[in-house]
Amino acid sequence: MKQYNVIIIGGGAAGFFAAINIAELNPDLKIAILEKGKEGLQKVKVSGGGRCNVTHAQFIPKELTLNYPRGERELLGPFHQFMTGDTIEWFEKRGVELKIEEDGRMFPVTNSSQTIIDCFLSETIRLGVEILYGQTLKSIQVADSNWELETQGDAFLAEKVLVATGSNVKVWKMLEDLNHSIAEPVPSLFTFNVSDRRIKGIPGVVAQNVEIKVLKTNLVSEGPLLVTHVGFSAPAILKLSAFGALELAEMDYKFQIEINFIRHSFNTCLEQLKELKNDLAKKTVIKFTQFDLPKRLWQKLVLASNINEDIKWAEINKLQLDALSAQLTKAVFEVNGKSTFKEEFVTAGGVNLKEVNFKTFESKLHKNLYFAGEVLNIDAITGGFNFQNAWTGSFIAAQNMSK
C-alpha cells in the first residue's frame, strides 16, 4: 500500500491548484494527484475555445457571487479570502500574465490554454508533487485516522484527501456511501433548440442586447443572443440555462420563451413605428433596418408581421404595425430540447453544501476529507466563474491541508 500525507483525487484545475499550493506551504508533505485519464487538465485545455477563460474581471466579492445560481451564499466568505485579484497575482508570480477582454473574461496573454497547463505541470515538478495517471478510483474509506483508497491497480493510504473530481457520478456514489448527500445532477450551461421560420437560414446572426423570459416562470435574462443552426445561444441563453437548470429540467426542456429584441415596451415601439411610417413613407419597410438590429433578423421579423417585400412604410396598416411591434418586443418561440454548449459542459448538482465547512472546505461529516470545484453543488454562468470557484476552494483547502 502506497502511503502519502495528502492525496488529491482528480487531476483537473482544482486538483492541480490545490496540490501546488499545499506543496508550496509545506514542502515536507508527500503529495500525490490521482487522475483517471492518460493526462490531466482536460477541461482547462478546451475552456474558452482552447484559450482558457481563467477568471472574470469582477473584483467585489458580493458582485462575484451573483454569477453562481448554486453557491451564491456559500461563496461570499471564501471570496473575501481568495478571489479574482488573488488569482491574477498567483499566475503572474509564476510568469503567466492575464488580460481582460471587453466582456470581462480573462485569458492568458498568449491566448493558449497550454500556457496554464505548462505552468501547472512545471510547478508540480518543481515542488515534487507526484501525478499518477490511469488511476480510476474504486473505493474510498476511513481506516483508523487515515484514508484508504483503492484504484484499478493500486491501494493508497493518506492522512488527508481532497476530492476534486468534478461532476463524476461514480465518485458521488462513493461519497454517498460515506453518508454525504448529493444534489441530483442536471445539466447547466446549454443552448436552446428552436425550429422557427423567423430564424431559419440566418445562423451566426447576433442581436446585441435582448431580454428573454421563460413563460410561466420567473426566469429572465438579458444580453447578446446568437442564432445558431439549431436555435439560440450566447450569454443571454446560457445565463437562463444556468439559473433555470432545475426548473427547465423539470419541464423536460420543452417550454416557451418571449424575446424583446429591442428592449422597448410594445407601446413605445409602436409609437416609433408610427413615426417611421411618416418619416420613411416612400421607403420599402424590409430594406431599411431599424433599432440597430442585424439586417437579416429585421427582414425575418418584418415578413413574420405579414408585411411583404414590396410594402412601403406609407402602406402599412394598423394590424401590420401592431404585429411588427409584437415581433420586436414580445416574440414567442417554442423551445424543444437543449444542446451542450461547446465542450464546456457544466452540471448543477453535487455534494450538499450544508455538509461542508466553507471556512476550510472540509467535510463536516469526516475529518481530513476536503472538496473543491464542481464536485460540490456549485456552478456558475459562463465567463470564467466556474474556474474562479475552483481556484478559491482549492486555495482555502490547501491552507488547511498543509498544516
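Every value quoted in this text rests on a predicted model; they were computed, and no experiment measured them.

**Q** Any chance you could break down the overall build of the protein for me, citing the residues and the numbers?
**A** When its secondary structure is counted, the protein shows 13 helices and 21 strands. Dimensions of the protein, computed from C-alpha atoms along their principal axes, come out at roughly 85 × 40 × 35 Å. The proportion of buried residues among the 403 residues of the protein is 56%. Relative to all contacts within the protein whose residues are 6 or more apart in sequence, the contacts with residues 24 or more apart total 73%. As displayed, the protein offers around 18,000 Å² of accessible surface, 48% of which is attributable to carbon and sulfur atoms.

**Q** Talk me through the pairing of strand β9 (residues 155–163); I want residue IDs and the actual numbers.
**A** The element β9 is largely enclosed, with a buried count of 7 among its 9 residues. Direction of pairing for strand β1 (residues 2–9) relative to β9: parallel, over a ladder of 7 bridges. Paired with Q3 across the two strands is L157, which belongs to β9. Both strand β8 (residues 146–151) and β9 contribute to a ladder of 4 bridges, which runs antiparallel. Its bridge partner being in β9, L149 is matched across the sheet by F156. Here β8 hands over to β9 after 3 residues, the two strands then running antiparallel side by side.

**Q** Requested: an account of helix α12 (residues 318–329), with residues and values cited.
**A** Under the 1.5 Å per step criterion, the end-to-end length of α12 is 16 Å for 12 residues, consistent within 8% with the ideal 16 Å. Buried residues along α12 sit in contact with β15 (254–260), α10 (266–279), α11 (295–304) and β16 (331–336).

**Q** An account of the sheet that holds strand β4 (residues 98–100) is needed here, citing residue identities and associated values.
**A** One open sheet accounts for 3 strands, arranged β3-β5-β4; its pairing is antiparallel. Where the open sheet ends on each side, the last strands, each with one partner, are β3 (55–56) and β4.

**Q** Pulling in residues and values, what's your account of the sheet that holds strand β17 (residues 338–340)?
**A** The sheet built from 7 strands is open, its strands ordered β16-β15-β12-β13-β14-β11-β17 with antiparallel pairing. Both edges of this open sheet fall to β16 and β17, since each of them pairs with a single strand only. Along the sheet, successive strands turn relative to each other by an average axial angle of 40°, direction set aside. Strand direction decides the pairing type here: strand β11 (residues 190–193) and β17, joined by 3 bridges, are antiparallel. The residue of β17 that forms the bridge with F190 is T340. This element, helix α8 (residues 235–243), spans β11, β12 (206–214), β13 (220–227) and β14 (231–233) of the sheet and lies at about 130° to β13.

About the criteria used
Going along each chain's sequence as written, the residues are numbered from 1 onward. Totals for whole chains, interfaces and linings use every residue, but because this is a predicted model, local features are given only for residues with pLDDT of at least 70 and side-chain atom pairs only at 80 or more, for both listing and counting. Just so you know, side-chain values use all the structure's heavy atoms and leave hydrogens and water out. Strands here are runs of E lasting at least two residues and helices are runs of H or I lasting at least four, both read from the DSSP assignment and numbered beginning at the N terminus. Partly exposed residues are those whose accessible area sits between 20% and 50% of the maximum for their type, while under 20% is buried and over 50% is exposed, using a 1.4 Å probe and protein chains only. Whether two residues touch is decided by their heavy atoms; if any such pair falls within 4.5 Å, the residues are in contact. Computed by Shrake-Rupley with a 1.4 Å probe, the accessible areas treat only the displayed protein chains as cover when residues are assessed. Between any two strands, pairing holds if DSSP finds at least two bridges. For a helix, the expected span equals 1.5 Å multiplied by the number of residues minus one. Under this scheme, a helix contributes an axis fitted over its contacting stretch, all axes are lines through C-alpha atoms, and angles between N-to-C directions fall in the 0 to 180 degree range.

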